[in-house]
Amino acid sequence: MKIENLTDMLCEQEGGVLTVTFDRPERRNAMTTVMLAELIYIIEQCGEDSTVRALVIRGAGKGFCPGDELRGMGKLPEDFAFHPKSPVTHGALQTVLRTLPKPTIAVIHGFAFGVGMDLAMACDFRITADDAQIRDQRVIERGMHAITGCAWFQPRVLGLTKAFQYLVLGEPFTGAEAVEAGMVTKSAPIEKLDEAVTEMANKLAVAPTKAIGLMKRQ
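Residues numbered from 1 in each chain as written. Predicted model: local features only at pLDDT ≥ 70, side-chain atom pairs only at ≥ 80, totals over all residues. Heavy atoms only, no water.

Chemist: Help me out: how do you make sense of the overall build of the protein chain in this one?
Modeler: Along the backbone of the protein chain there are eight helices and nine strands. Since a compact globule built from 218 residues should have a radius of gyration of about 17 Å, the 16 Å found for the protein chain is in line with a globular shape. Seen through its principal axes, the protein chain has C-alpha atoms that stretch 45 × 40 × 35 Å. Taken across its 218 residues, the protein chain has 53% of its residues classed as buried. Partitioning the contacts of the protein chain with sequence separation of at least 6, the portion at a separation of at least 24 is 73%. Accessible area of the protein chain: about 10800 Å², with a carbon and sulfur share of 53%. Side chains of the protein chain give 24 positive and 27 negative charges; the mean places of these two sets differ by 4 Å. (Helix = DSSP H or I, 4+ residues; strand = E, 2+ residues; numbered from the N terminus. Rg over C-alpha atoms; globule rule 2.2 N^0.38 Å. Buried < 20%, exposed > 50% of the residue type's maximum accessible area, 1.4 Å probe, protein only. Contact = heavy atoms within 4.5 Å. Areas by Shrake-Rupley, 256 points an atom, 1.4 Å probe, with all protein chains shown as cover. Lys, Arg positive; Asp, Glu negative; His and termini not counted. Charge placed at Lys NZ, Arg CZ, Asp CG, Glu CD.)

Printed below as a string of structure tokens:
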């Protein structure tokens, strides 16, 4: 699958593995409406392309995603080319990830905060660098509650007691701690992260994709 002229994403396929990279390293890959729309569009295209058997999502530069860039969360430009079928919302992104009948991997290095963490939690597998930082945006300190998916995902991953503590206190996990807590699949030293991701992605790409899709649906 090849999608050209994306604004804030890189999209490359090798064999059955499609890798999507957030390409705003100067802003630490903070999420914008354009990024959200492009990512939802790409995932929808993955569902229709039989050559794609596994999807990897990662970030360029120093981190995965630190959350929303509020000044970038306005309307899409009038000349925007990639209009997904789904609404351009965080909930829609998590829905298309969960319903994609193919396995997905989030690759976390540096940090995954707020909606970056929620996006990663919506993926089937999470592989992190040992020293990565994963946490909510401490919305409680702003007098807010969780609104972008973490209050749904975290109790299912961590258990209710641990999830409530995590969301209220906002204490971060390192990648290694997240493995122990059951939040991520595995962690690796940063210099071996790509190797770990390639191994997992290639294993999934040769697995029976339809059976994986049915397992996700169940």
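Chemist: Looking at this structure, I do not really get the sheet that holds strand β2 (residues 17–22). What am I missing?
Modeler: The strands that make up a sheet pair up through hydrogen bonds in the backbone, lying either parallel or antiparallel. If you walk across this open sheet you meet the six strands as β1-β2-β3-β4-β6-β9, and the pairing is mixed. Whereas interior strands pair on both sides, the edge strands pair on one side only; in this sheet they are β1 (9–14) and β9 (186–188). Adjacent strand axes in the sheet meet at a mean angle of 20°, parallel and antiparallel pairs treated alike. Where β2 lies against strand β3 (residues 54–59), six bridges are found, and the strand directions are parallel. Residue Val17 lies in a different strand from β3, and its bridge partner there is Ala54. (Pairing = 2+ DSSP bridges. Axes fitted to C-alpha atoms, helices over the stretch in contact; angles between N-to-C directions.)

Chemist: What am I meant to see in the packing of aromatic side chains here?
Modeler: Centre distance and the angle of the planes are the two values used to describe a pair of aromatic rings. This structure, assessed with the given rule, holds six aromatic pairs. Seen from their ring centres, Phe111 and Phe113 are 5.7 Å apart, and the 35° between their planes marks the pair as tilted. Judged by its relative accessible area of 13%, Phe111 falls in the buried class. Accessibility expressed as a relative area gives 16% for Phe113, which makes it buried. For the pair Tyr166 and Phe173, a centre-to-centre distance of 5.1 Å together with 45° between the ring planes defines the contact as tilted. (Phe/Tyr/Trp six-rings, centres within 6.5 Å; stacked < 30°, edge-to-face > 60°.)

Chemist: Hey, could you run me through the sheet that holds strand β5 (residues 111–113) in this one?
Modeler: Here three strands make up an open sheet; going across it, the order is β5-β7-β8 and the pairing mixed. Of all strands in the sheet, those bounded by a partner on one side alone are β5 and β8 (173–174). Relative to β5, helix α3 (residues 115–122) is tilted by about 95°, and along the sheet it contacts β5 and β7 (133–135).

Chemist: Just checking my understanding: could you explain a nonpolar patch on the surface for this structure?
Modeler: On the surface, Phe164, Val168 and Leu169 cluster together into a nonpolar patch covering about 290 Å² of accessible area. By the element assignment, Phe164 lies in helix α5 (residues 160–169). (Patch = residues over 30% accessible without salt bridge, like charges linked within 9 Å, V, L, I, M, F, W, Y side chains within 5 Å. Salt bridge = Lys/Arg side-chain N within 4 Å of Asp/Glu carboxyl O.)

Chemist: What am I meant to see in the pairing of strand β4 (residues 104–108) here?
Modeler: Note on strand geometry: in a regular strand, side chains alternate between the two faces of the sheet. Extensive coverage of β4 is indicated by the burial of five of its five residues. Burial along β4 is two-sided: the residues Thr104, Ala106 and Ile108 and Ile105 and Val107 are all buried. Judged from the three bridges that link them, β3 and β4 form a sheet pairing that is parallel. If you follow Val56 over to β4, its bridge partner there is Ile105. In this fold, β3 hands off to helix α2 (residues 90–99), which returns the chain to β4; that crossover is right-handed. Here four bridges tie β4 to strand β6 (residues 125–129), and the two strands are oriented parallel to one another. Bridge pairing in β6 places Ile105 opposite Phe125. (Right-handed = clockwise from strand over helix to strand, strands pointing away.)

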